[in-house]
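This is what each chain is made of:
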Amino acid sequence: MSESTQNTTERNPFTKPGFIISAALVVALIAAVIVIFMLPKGDGGAQQPAPSTPESNSAAASTPNNAASSSICGLPSTSETALGTAPESNWELVGRMATPTDPDTFGPGVTDSDGFRSCFAHSPTGALYAAANVIALGSTEQDELKLADKLLVPGPGRDAAIKDAQNRSPSTATGTDSAQIRGFLIKSYSATEADVDLALELPNSALAHSVLSLRWIDGDWKVKAADDGQIFNGTSQLSSLSGFILWSGV
């Protein structure tokens, strides 16, 4: 990898261990560098997503008590456990990424003076909005230590991400074009856990996807990080958006 590519990677908050995502993929694709741990390729073609879960309005088998399910900022909850169609969404730019927003229904219900976004609804759509906003925050000049501290489930992964953030010098975003959301799947959902698979279009028009695992804790969705602090799993290229529910703001 060239020195210029390495410098670009170091400056981009997407490429840091706590919040690594599409910017590293962009660098790899544009530079024609194979980054195996970030961009695995399946035999004979790109990895395809699992089929979506059929839409269902049935109540969850077990519903948590009101205190456990209540949003920290008072957003409504639902007993639905699936999302088979794209929600009608308002979009706004967070950094350079179009990001869904519905402060009164799905979130973010709270946006602080620094632009940090939190509080999402206790529902499949709330989990989807939370995942999309986490990715968008990772593409901005948000303080990495704050992101790790506020967005991650307590445990070894959060500790690793915080330690890494503490050991890094402050940096700024590169100002390069961002990836954009193109679709999603709710791979699994319960009252306490959700796996959200997001399909992304990179600035060079390549497609990729990655899964965020979320947990409902302290009245909001938090990201379950791996023990090394990484928050994305299953990241790979896509040949098309087949199998995803199309959903985009631009």
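Residues numbered from 1 in each chain as written. Predicted model: local features only at pLDDT ≥ 70, side-chain atom pairs only at ≥ 80, totals over all residues. Heavy atoms only, no water.

Draft legend 1. Highlighting the packing of aromatic side chains. According to the stated counting rule, one finds six aromatic pairs in the structure shown. Note on Tyr-129 and Trp-247: the rings are 6.0 Å apart at their centroids and 40 degrees apart in plane angle, and the pair reads as tilted. Taken together, the residues span a long stretch of sequence, with Tyr-129 in helix H4 (residues 124–138) and Trp-247 in the segment after strand E10 (245–246) at a distance of 118 residues. Exposure remark for Tyr-129: the relative accessible area of 0% places this residue in the buried category. Taking the centre distance of 5.2 Å and the plane angle of 70 degrees together, the rings of Trp-216 and Trp-221 count as edge-to-face. (Phe/Tyr/Trp six-rings, centres within 6.5 Å; stacked < 30°, edge-to-face > 60°. Helix = DSSP H or I, 4+ residues; strand = E, 2+ residues; numbered from the N terminus. Buried < 20%, exposed > 50% of the residue type's maximum accessible area, 1.4 Å probe, protein only.)

Draft legend 2. Summary view of the environment of Asp-114. You can see Asp-114 is positioned in the loop between strand E3 (110–111) and strand E4 (117–118). For the pair Asp-114 and Asp-143, spaced 29 residues apart in the sequence, the C-alpha separation amounts to 9.2 Å.

Draft legend 3. The arrangement of the state of the cysteines in detail. Across all of its chains, the model carries one disulfide by this definition. Note that Cys-73 is cross-linked by a disulfide to Cys-119, the S-S spacing being 1.9 Å. In this structure, the disulfide formed by Cys-73 and Cys-119 twists by about -90 degrees around the S-S bond and is classed as left-handed. Separated by 46 residues along the polypeptide, Cys-73 in the loop between helix H3 (66–69) and strand E1 (90–94) and Cys-119 in the loop between E4 and H4 bring together distant segments of the chain. By relative accessible area, which is 30% here, Cys-73 ends up partly exposed. (Disulfide = S-S within 2.5 Å.)

Draft legend 4. Molecular detail of the pattern of salt bridges. Scanning all chains against the criterion turns up seven salt bridges. Here Glu-92 ties to Arg-117 by a salt bridge, and the two come within 2.8 Å at their closest N and O atoms. Of this pair, Glu-92 sits in strand E1 while Arg-117 sits in strand E4; the two residues are 25 residues apart in sequence, bridging distant segments of the chain. Using a relative accessible area of 5% as the deciding quantity, one classes Arg-117 as buried. (Salt bridge = Lys/Arg side-chain N within 4 Å of Asp/Glu carboxyl O.)

Draft legend 5. Fine view of unusual backbone geometry. Omega for the bond connecting Gly-107 with Pro-108 falls within 30 degrees of zero, at 0 degrees, which places this linkage in the cis form. With a phi close to 75 degrees, Ser-205 is a non-glycine residue in the positive phi region. Relative to the elements of secondary structure, Ser-205 occurs in the loop between strand E6 (193–201) and strand E7 (207–217). The backbone of Asp-218 sits at a positive phi, close to 55 degrees, despite the residue not being glycine. The topology assignment puts Asp-218 in the loop between E7 and strand E8 (220–223).

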